[in-house]
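# Structure at a glance
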Amino acid sequence: MTIWLTLCGLVVFLAYLLGSFPTGYLAGKLLKGIDIREVGSGSTGATNVLRTLGKGPGAFVLLVDCLKGVLAINLVYALFNFALGYNVIPANLDVQLWQPWLVTLVGLGAILGHSKSIFLGFTGGKSVATSLGILLAMNWQVGLATLGVFGIVIAISKIVSLSSISGAVAVSILMVVFQQPLAYVLFSIAGGLYVIIRHRSNIERLLAGTEPKIGQKVETESKQTA
């Protein structure tokens, strides 16, 4: 059991490191020599990269950050395949019960890593793209449905933050609708709340009517104060 618990802990830590990979920060440094945390909203996520560096870099960061979530969850599946092949899993362990909970812990680790990156002094993005990747790897129907909610809201409002918050609210409902394990439902609640909290400055701007829409670029010399 000790070996198994050690392996599980290692996978959660690796997921955190994956989430911590500073895609947006590196894009800012490599393409314009700027610290993306000092411009726009101060986030290292795809939306701030889009507004600051343009569509190409924004799309690239979105894709990589999403893949971080996918890879994190696949670490769990790889661990179970390895453990089953080498008889590392304790004989009395219920794999069907254990796996969803480990997936949940790994998903939370990746989300935390993206927003509190160890490589950036525990700063980062708002974990939306990474969360999407996690959802797609957990259950593709839930992931696509959440993306659909995001797409509908953004088509109407043209506001990324509002669309992200809407997706964070909808995901818990979708987990229940698609009859996912309790661990996944709890993940959607915890992860959704975390994403919403990470958007608190955006919520303030939404209420004030000052939240920028898609297509509005920001100056690289100044950072929004909210």
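Please refer to the structure placed before this passage.
Let us look at the structure shown here. In this text the structure is predicted, and so the values were computed from the model without any measurement. (Residues numbered from 1 in each chain as written. Predicted model: local features only at pLDDT ≥ 70, side-chain atom pairs only at ≥ 80, totals over all residues. Heavy atoms only, no water.)

Now for the overall build of the chain. Counting its secondary structure elements, the chain contains ten helices and zero strands. Along its sequence from the N terminus, the chain presents helices and strands in the succession α-α-α-α-α-α-α-α-α-α. Overall, the C-alpha framework of the chain stretches about 60 × 40 × 25 Å when taken along its three principal axes. Every one of the 226 residues in the chain was classed for burial, and the buried ones make up 50%. Once local pairs closer than 6 in sequence are excluded, the contacts in the chain between residues at least 24 apart make up 69%. Summing over all exposed atoms, the chain offers an accessible surface of approximately 11100 Å²; the carbon and sulfur share of this is 69%. Of the charged side chains in the chain, 15 are positive and 8 negative, and the gap between their average positions amounts to 3 Å. (Helix = DSSP H or I, 4+ residues; strand = E, 2+ residues; numbered from the N terminus. Buried < 20%, exposed > 50% of the residue type's maximum accessible area, 1.4 Å probe, protein only. Contact = heavy atoms within 4.5 Å. Areas by Shrake-Rupley, 256 points an atom, 1.4 Å probe, with all protein chains shown as cover. Lys, Arg positive; Asp, Glu negative; His and termini not counted. Charge placed at Lys NZ, Arg CZ, Asp CG, Glu CD.)

Glancing now at helix H10 (residues 200-208). Turning to H10, its buried residues are Ser201, Asn202 and Arg205. Buried residues of H10, seen end-on, are gathered within an arc of 100 degrees and therefore sit on one face of the element. Those residues of H10 that are exposed and aimed more than 90 degrees away from the buried face are Arg200, Glu204 and Leu207. Looking at the buried residues of H10, the elements they touch are helix H8 (160-177) and helix H9 (182-198). A positive backbone phi angle near 75 degrees is found at Gly209, which sits one or two residues after H10. (Arc of directions from axis to C-beta.)

As a further point, take the pattern of salt bridges. With the rule as written, the count across this model stands at three salt bridges. For Asp35, the salt bridge identified is with Arg37, shortest N-O distance 2.9 Å. Taking relative accessible area as the criterion, Asp35 reaches 12% and is therefore assigned buried. Asp65 serves as the salt-bridge partner of Lys68, at 3.2 Å between the closest nitrogen and oxygen. Here Lys68 pairs with Asp65, and both are found in helix H4 (residues 55-85), just three residues apart, close to one helical turn. According to the relative accessible area criterion, Asp65 is buried, its value standing at 1%. (Salt bridge = Lys/Arg side-chain N within 4 Å of Asp/Glu carboxyl O.)

So, on to the packing of H4 against helix H5 (residues 95-115). What describes two packed helices is the angle between their axes and the distance between those same axes. Direction vectors running N to C along H4 and H5 enclose 150 degrees, while the axes themselves pass 9 Å from each other. With respect to their mutual orientation, H4 and H5 come out roughly antiparallel. Pair H4 / H5 crosses with right-handed handedness. Residues Asp65, Lys68, Ala72, Ile73, Val76, Tyr77, Leu79 and Phe80 of H4 touch H5, and the partners they reach there are Val95, Trp98, Gln99, Leu102, Val103, Val106, Gly107, Ala110 and His114. The class makeup of the residues in the contact of H4 with H5 is twelve nonpolar, three polar and two charged. (Axes fitted to C-alpha atoms, helices over the stretch in contact; angles between N-to-C directions. Parallel < 35°, antiparallel > 145°, perpendicular 65-115°, else oblique. Left-handed = near helix turned anticlockwise from the far one by under 90°. Nonpolar A, V, L, I, M, F, W, Y, C, P; charged D, E, K, R; others polar.)

Helix length check: helix H1 (residues 2-20), at 19 residues, gives a terminal C-alpha distance of 27 Å against a target of 27 Å (1.5 Å per residue), a fit within 8%. Regarding H1, the residues found buried are Trp4, Leu7, Cys8, Val11, Ala15, Tyr16, Gly19 and Ser20. The inward-facing, buried residues of H1 abut H4 and H5. (Expected span 1.5 Å × (residues − 1).)

This part is about the nonpolar core. Core analysis: the largest hydrophobic core is formed by 31 residues, its most contacted members being Trp4, Val106 and Met138. Looking at this core, the elements with two or more residues in it are H1, H4, H5, helix H6 (128-138), H8 and H9. At six residues, the largest contribution of residues to this core is made by H4. When neighbours within four sequence positions are excluded, Trp4 is seen to be in contact with Leu79, Phe80, Ala83, Val88, Ile89, Pro90, Leu93 and Trp98. Judged by nonpolar contacts, the second largest core, of ten residues, contains Ile36, Val39, Val61 and Leu120. (Core = buried A, V, L, I, M, F, W, Y, C linked by side-chain atoms within 4.5 Å.)

Take the packing of aromatic side chains next. Here the structure, examined in full by the defined rule, presents two aromatic pairs. Ring geometry for Trp4 and Trp98: centres 6.3 Å apart, planes at 50 degrees, overall tilted. In this pair, Trp4 sits in helix H1 while Trp98 sits in helix H5, placing the two residues 94 residues apart along the sequence. Taking the relative accessible area as the measure of exposure, Trp98 reaches 28% and is therefore partly exposed. (Phe/Tyr/Trp six-rings, centres within 6.5 Å; stacked < 30°, edge-to-face > 60°.)

These results come straight from atomic positions and should not be treated as a statement about function.
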